[in-house]
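Coordinate inspection notes
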Amino acid sequence: MDKLIITAALTGAEVTREQQPALPVTPDEIARAAEECAAAGAAIVHVHARYPDGTPTQDKAIYAEIIEKIRARCDVIVQVSTGGAVGMTAAERLAPVELRPEMATLSMGSVNFGDDVFLNPPADMEHFLHTMKELRVKPEFEIFDAGMLHSLQRWINKGVVAGPVHVDLVLGVPGAMAGTPESLMFLRSQLPHGATWTVAGIGAAQLPLAAMAIALGGHVRVGFEDNVWFRKGELATSNAQLVARIARIAREIERAVATPGEARALLRIES
Ligand code: KMH
Ligand code: ZN
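Only a predicted model underlies this, so the values are computations on that prediction, with no experimental measurement involved.

Cut-offs used in this document
- Residues numbered from 1 in each chain as written.
- Chains lettered and ligands numbered in written order.
- Predicted model: local features only at pLDDT ≥ 70, side-chain atom pairs only at ≥ 80, totals over all residues.
- Heavy atoms only, no water.
- Donors = N, O, S within 2.8 Å, 3.2 Å for Na, K, Ca; no water.
- Helix = DSSP H or I, 4+ residues; strand = E, 2+ residues; numbered from the N terminus.
- Buried < 20%, exposed > 50% of the residue type's maximum accessible area, 1.4 Å probe, protein only.
- Core = buried A, V, L, I, M, F, W, Y, C linked by side-chain atoms within 4.5 Å.
- Contact = heavy atoms within 4.5 Å.
- Pairing = 2+ DSSP bridges.
- Axes fitted to C-alpha atoms, helices over the stretch in contact; angles between N-to-C directions.
- Right-handed = clockwise from strand over helix to strand, strands pointing away.

Once that is clear, we can look at the coordination of the zinc ion (ligand 2). Each angle at a metal carrying four tetrahedral donors should ideally be 109.5 degrees, and each at a metal carrying six octahedral donors should ideally be 90 or 180 degrees. Within the protein, the zinc ion (ligand 2) binds to His46 (NE2), His48 (NE2) and Glu225 (OE); these donor distances fall in the range 2.1 Å. Sequence positions of the residues that donate to the zinc ion (ligand 2) give the spacing H-x1-H-x176-E. In this pair, histidine 46 is assigned in strand β2 (residues 44–47) and glutamate 225 in the loop between β12 (219–222) and β13 (229–231), connecting sequence segments 179 residues apart. Both residues of the pair, histidine 46 and glutamate 225, count as buried.

Right, dumping it as structure tokens:
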């Protein structure tokens, strides 16, 4: 089995300080959280930017500051979000990709997202794909529902996406695919040939789906973007606490944890 790649989704666009007092918001806080997570075993940090008041933004200058501050502290793969927040335009969402980070997310379709709709029309997805290809940014395809894997397969068949792809199975968003073992096993059975995959379970689904992924040879994403709890009724104290638990479980069942360098090799990221 390949070594386990742990991604820390540090901030997201939706979680507030009221929900999670340790949420990193400023570039300094995000960089510090990234360093702590890297020390705990994360090879990738998935990053969203916020204005100082906590409002989500895709401001290129703020992303640049975050990336620079993370790089000054530690070696970790920085993956910017192109999902941003619901309601942002495609151009806004794509802005941080112009900084040529090592990775960026790319959602594979539209989906209900809580009380909102997260829109990803095909023309926007194709534009995102071409831009990432041109700027040599490795995409992580965000899969919220089964049809999105089918869409990805269509892009591969058309030759727009070259494999092997890396996907993130995001399970448990209200309105999308449930955070259950059955969902994970089904999506795993539908992966494009040679794909690497990680699972991001939302809320209470985070830990059990992570444990399954460790055993199945997949990879794991944890962090406040997806889940603010350590266990029922007990908030996590930091993103790193969630990462450390995954690394601990993996080591206990003899699955080694990948360094950022090993993750680059596994995901074929050119540095
Ligand atoms: N904030 C969500 C609407 C991504 O980062 O690429 C979308 C999201 C996905 O977070
Ligand atoms: Zn995100």
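Grouped together as the largest cluster of nonpolar side chains are 82 residues, with contacts concentrated most on Val45, Ile70, Met108, Phe141, Ile143, Val167 and Leu169. The contact partners of leucine 169, leaving out residues within four places of it in the chain, are Ile143, Leu184, Leu187, Leu191, Trp197, Thr198, Val199 and Ala200.

Spatial strand order, β1-β2-β5-β6-β9-β10-β11-β12: 8 strands in a closed barrel with parallel pairing. The mean angle between the axes of side-by-side strands here comes to 25°, regardless of whether they run parallel or antiparallel. One ladder, built from 4 bridges, connects β2 with strand β5 (residues 77–80); its direction is parallel. What sits directly across from valine 45, in β5, is valine 78. Contacting β6 (103–107) and β9 (138–143), helix α4 (residues 122–134) runs over the sheet at an angle of about 165° to β6.

With that settled, the discussion passes to the pairing of β9. The element β9 is largely enclosed, with a buried count of 6 among its 6 residues. Pairing of β6 with β9 involves 5 bridges; the strand directions are parallel. Within the sheet, the bridge partner assigned to leucine 106 lies in β9 and is phenylalanine 141. Relative to strand β10 (residues 166–171), β9 runs parallel, the two being bridged by 3 bridges. In the sheet register, phenylalanine 141 faces β10, and the bridge partner there is valine 167. The parallel pair β9 and β10 is bridged by helix α5 (residues 146–158), and the resulting crossover is right-handed.

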